[in-house]
Amino acid sequence: MATIKDVARKAGVGLATASRVLSGKGPVAVATAARVRQAVADLDFRPSHAARSLGNGTSQLIGVYIPILRGAYYSPILNTIDAVVRGQGLHLVVAFGQTQDTQRAEAVEAMNFLLDRDCDGLVVFGHAVQAEDIVALKQAQDRVVVLNRQLEALPEQCFGPDHVQGGILAARALLVHRHRNIAVVSGPAHALDNAARLSGFMGELARQGRDVSDVLVLPGDFSNLAGWEAGERLLSSGRQIDAVFCANDEMAIGLLACFQERGISVPSDISVLGYDDSPNAEFAAPRLTSVHVPMHDVTLAGVNWLLNRCYGLDLPVRRDFEVSLTWRTSVAAPPIRGGRR
């Protein structure tokens, strides 16, 4: 395998000159640079990653931790990170968690794994990571950005939407259609973003004079299967429900599939409202009305902040992320029963 010394020898230049051409840093005559590049091509020379790192003092790698790879939620986020990082000539190293039960331990292990691979900075997802876990990274702690989570001790490093406002919008979407018999399919109880959206939802119902103790809450875990199982429990409960708010789109789509299997028409018999406005919401049957959470903008801002911190760039960073409602066809006025809606 050819080395940089071989390139320099073939081009008839010194080692320092060959290094400047390969790194793109420092003055080199045009003709000399052309000879070095030709030598690189002739020798099929590829500089090692370690050599490049020694040359510029960075690994050019950004680490990403994803708590669990499932469903349609994380794929667009990873695509956004990869596009931004590659746009700066950098690359990703991704670590995944496996279970809901040990997320904090897995997050800490993953962060240390990525730093051991000399990643210049880290992008961390997950509601389990705590401020002290990041502080424990010592000299690397200021090169970590946390997405979809707010940590009071590290506000500058956290980027996320207002999930309480998202829950409020979900409640208003059902109230505007005069729904009274409402059920909720929640996400994991330990997920702070789930708790925030449910707090906003229940709070808005209460402000509008609804008795939230009448709301049927069915536990879930953000998966399609959880939505299906919630549908089965709902239908066997005997409760007369005319609208269901699901804490994410994956569960809403599972619920729609259950209803279709059981001959329940949406939205004629019952309305279904999702959360996230993920890509699959557009193609659900019926098309899913959902609270739009701008995770592309959140991710872009967080990654830009991290790259600015790691590489001295000046990429734009915003911190206002408007949550909105995407109306499709899965929510409508409740059916008329006994002459009343």
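See the structure printed just above.
Residues numbered from 1 in each chain as written. Predicted model: local features only at pLDDT ≥ 70, side-chain atom pairs only at ≥ 80, totals over all residues. Heavy atoms only, no water.

Enquirer: Tell me what's going on with the overall build of the protein, and back it up with residues and numbers.
Expert: The helix and strand inventory of the protein stands at 12 helices and 11 strands. Here the C-alpha coordinates of the protein stretch approximately 95 × 40 × 30 Å along the principal axes. Relative to its full complement of 341 residues, the protein shows a buried share of 50%. Contacts in the protein between residues at least 24 apart in sequence constitute 69% of all its contacts with a sequence separation of at least 6. If you sum the accessible surface of the protein, you get close to 16400 Å²; carbon and sulfur atoms cover 52% of it. Across the protein, the mean location of the 33 positive side-chain charges is 5 Å away from that of the 35 negative side-chain charges. (Helix = DSSP H or I, 4+ residues; strand = E, 2+ residues; numbered from the N terminus. Buried < 20%, exposed > 50% of the residue type's maximum accessible area, 1.4 Å probe, protein only. Contact = heavy atoms within 4.5 Å. Areas by Shrake-Rupley, 256 points an atom, 1.4 Å probe, with all protein chains shown as cover. Lys, Arg positive; Asp, Glu negative; His and termini not counted. Charge placed at Lys NZ, Arg CZ, Asp CG, Glu CD.)

Enquirer: So what's going on with the sheet that holds strand β10 (residues 289–292)? Which residues, and what values?
Expert: Taken together, six strands build an open sheet; the order of strands is β7-β6-β8-β9-β10-β11 and the sheet is mixed. Edge positions in the sheet fall to β7 (216–218) and β11 (324–326), since each of these pairs with one other strand and no more. Strand-to-strand twist across the sheet, computed as the mean angle between neighbouring axes with direction ignored, equals 20°. For strand β8 (residues 243–246) and strand β9 (residues 271–276), the ladder comprises three bridges, and the chain directions are parallel. Bridging across to β9, valine 244 finds its partner in valine 272. Relative to the sheet, helix α10 (residues 224–237) contacts β6 (182–185), β7 and β8, its axis offset from that of β7 by approximately 145°. Contacting β6, β8, β9 and β10, helix α11 (residues 249–261) runs over the sheet at an angle of about 155° to β9. (Pairing = 2+ DSSP bridges. Axes fitted to C-alpha atoms, helices over the stretch in contact; angles between N-to-C directions.)

Enquirer: Before we move on, could you go through helix α9 (residues 192–207) and cite the residues and values that matter?
Expert: End to end, α9 covers 22 Å across 16 residues, agreeing with the expected 22 Å (1.5 Å per residue, within 8%). Residues Asp193, Asn194, Ala196, Arg197, Leu198, Gly200, Phe201, Glu204 and Leu205 constitute the buried set of α9. Buried-residue contacts for α9 involve α8 (163–175), β6, β8 and β9. Note on α9: the residue one or two positions beyond its end, glycine 209, has a positive phi of about 85°. (Expected span 1.5 Å × (residues − 1).)

Enquirer: So what about the packing of helix α1 (residues 4–11) against helix α3 (residues 30–43)? Which residues, and what values?
Expert: The interhelical angle for the contact between α1 and α3, taken along N-to-C directions, is 125°, at an axis separation of 8 Å. Classified by the angle between their axes, α1 and α3 sit oblique to one another. Viewed along their axes, α1 and α3 form a crossing whose handedness is right-handed. Residues Asp6, Val7, Lys10 and Ala11 of α1 pack against Arg35, Val36, Ala39, Val40, Asp42 and Leu43 of α3. A per-class count over the contact of α1 with α3 returns six nonpolar, no polar and four charged. (Parallel < 35°, antiparallel > 145°, perpendicular 65-115°, else oblique. Left-handed = near helix turned anticlockwise from the far one by under 90°. Nonpolar A, V, L, I, M, F, W, Y, C, P; charged D, E, K, R; others polar.)

Enquirer: Can you explain the packing of aromatic side chains? Please cite residues and give values.
Expert: Applying the stated criterion across every chain yields a total of five aromatic pairs. Ring centres 4.7 Å apart and planes at 25° place the aromatic pair phenylalanine 201 and phenylalanine 245 in the stacked group. Here phenylalanine 201 is found in helix α9, whereas its partner phenylalanine 245 is found in strand β8, with 44 residues between them in sequence. Residue phenylalanine 201 is classed as buried on the basis of its relative accessible area, which comes to 0%. A relative accessible area of 0% means that phenylalanine 245 is categorised as buried. One aromatic cluster in this structure is built from Tyr73, Tyr74 and Phe125. (Phe/Tyr/Trp six-rings, centres within 6.5 Å; stacked < 30°, edge-to-face > 60°.)

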